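Commentary on secondary and tertiary structure
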Amino acid sequence: MKHFTGKVVAITGAASGIGRALAVEFAERGAHLALSDIDSDGLAATMERCRSVGEISAHQVDVSDRDVVFAWADDVAARHGQANVIVNNAGVTVAATAERLSVDDFRWLMNINFWGVVHGSQAFLPHLKASGAGHVVNISSVFGLVSIPAQSAYNAAKFAVRGYSDALRIELEIERADVSVTTIHPGGIRTNIARSARVDESFADVGGDLAGFGDEFDRVARTSPEKAARQIVRAVERNRRRALIGPDAKVFDLVSRLPAGLYQRALVADGRRRSQ
């Protein structure tokens, strides 16, 4: 997709962070926006940032609810006349060991981070195909490349997003559909995801700081949401299969190509040192 003027871009998780920055970036490039989030106040603030640029609509949507997502997709196509891009961006995180991770927290995360992507992709695909020029943008993570302790649920979801998105793109190419797929692997982006995380006491067992999870994330998150948004939009323009967002994402990609035992032993040593 070489330009976005007049295109209809739908974004989940648009109330803050990468979602909000993407809304602003697409709007500045002439796109019409269909925004969604469960946070209605944050969504209203994003709309205010974009209102003067182009046509915009907003819905309070829980991406874990399949029926709600499908109804939103149909409404977007009816209200805007078409849908060209869906960005499945909504996400949450949980910090807990794999052994102590509660079933409720695991399902909560998977329902948003993985099933939300599936719901958004399936709901919008018929409309993207009907538009004659469509694109699915699914947000994975560097933790969809490399696994780390206390993030087993997040790792599982983000690896799943990567596999699902790769398979979807291959299928669409076999069909010769006028729809493509890009998987996004952000590194540390300065968003509020860590500060809104569910943190279990078992996080400390692998060297985590229970009180400082958000602060620690902020220290290593080097890329602004605005810079991430620009890189993501460029990846869609270039029809990239995968895009690494931020300099640390490139490091994670290199690490993922090393023998698994090499980087995992380093993580074990660091975790033991921190938990002493």
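Here, the structure is the one placed above.
Here goes a summary of the coordinates provided. Worth saying up front: this structure is predicted, and the values here are computed from it rather than measured.

Counting 39 residues, the largest nonpolar core has Trp-72, Val-76, Ile-86, Leu-109, Phe-124, Leu-128 and Val-136 as the members making the most contacts within it. When residues of this core are traced back to their parent elements, those giving at least two are β1 (8-11), α3 (66-80), α4 (103-113), α5 (115-131), α6 (152-175) and β7 (179-186). Once residues lying within four places of it in the same chain are set aside, the contact partners of Val-76 are Val-8, Ala-34, Gly-81, Gln-82, Ala-83 and Phe-124. Core analysis: the second largest hydrophobic core is formed by 33 residues, Phe-4, Val-24, Val-85 and Val-233 among them.

Below, the discussion takes up the pattern of salt bridges. If the charged atoms of two oppositely charged side chains come close together, the side chains can form a pair. In this structure the tally under the stated criterion is 14 salt bridges. Among the ionic pairs, Glu-48 bridges to Arg-51, the shortest N-O distance being 3.7 Å. Glu-48 gets classed as exposed once you look at its relative accessible area, which sits at 56%. For Arg-51, a relative accessible area of 45% corresponds to the partly exposed category. Of the charged contacts, one joins Arg-257 and Asp-253 as a salt bridge, the two residues approaching to 2.9 Å between their closest N and O atoms. The exposure class of Arg-257 is exposed, given its relative accessible area of 61%.

For the rest of this paragraph, the subject is the sheet that holds strand β3 (residues 56-60). Ordered by their spatial adjacency, seven strands build an open sheet running β3-β2-β1-β4-β6-β7-β9, and the pairing between neighbours is parallel. The two strands at the open ends of the sheet, each matched to only one other strand, are β3 and β9 (242-245). The average angle at which neighbouring strand axes cross in this sheet is 15°, direction not considered. Relative to strand β4 (residues 85-88), β1 runs parallel, the two sharing three bridges.

How each quantity is defined
- Residues numbered from 1 in each chain as written.
- Predicted model: local features only at pLDDT ≥ 70, side-chain atom pairs only at ≥ 80, totals over all residues.
- Heavy atoms only, no water.
- Core = buried A, V, L, I, M, F, W, Y, C linked by side-chain atoms within 4.5 Å.
- Buried < 20%, exposed > 50% of the residue type's maximum accessible area, 1.4 Å probe, protein only.
- Helix = DSSP H or I, 4+ residues; strand = E, 2+ residues; numbered from the N terminus.
- Contact = heavy atoms within 4.5 Å.
- Salt bridge = Lys/Arg side-chain N within 4 Å of Asp/Glu carboxyl O.
- Pairing = 2+ DSSP bridges.
- Axes fitted to C-alpha atoms, helices over the stretch in contact; angles between N-to-C directions.

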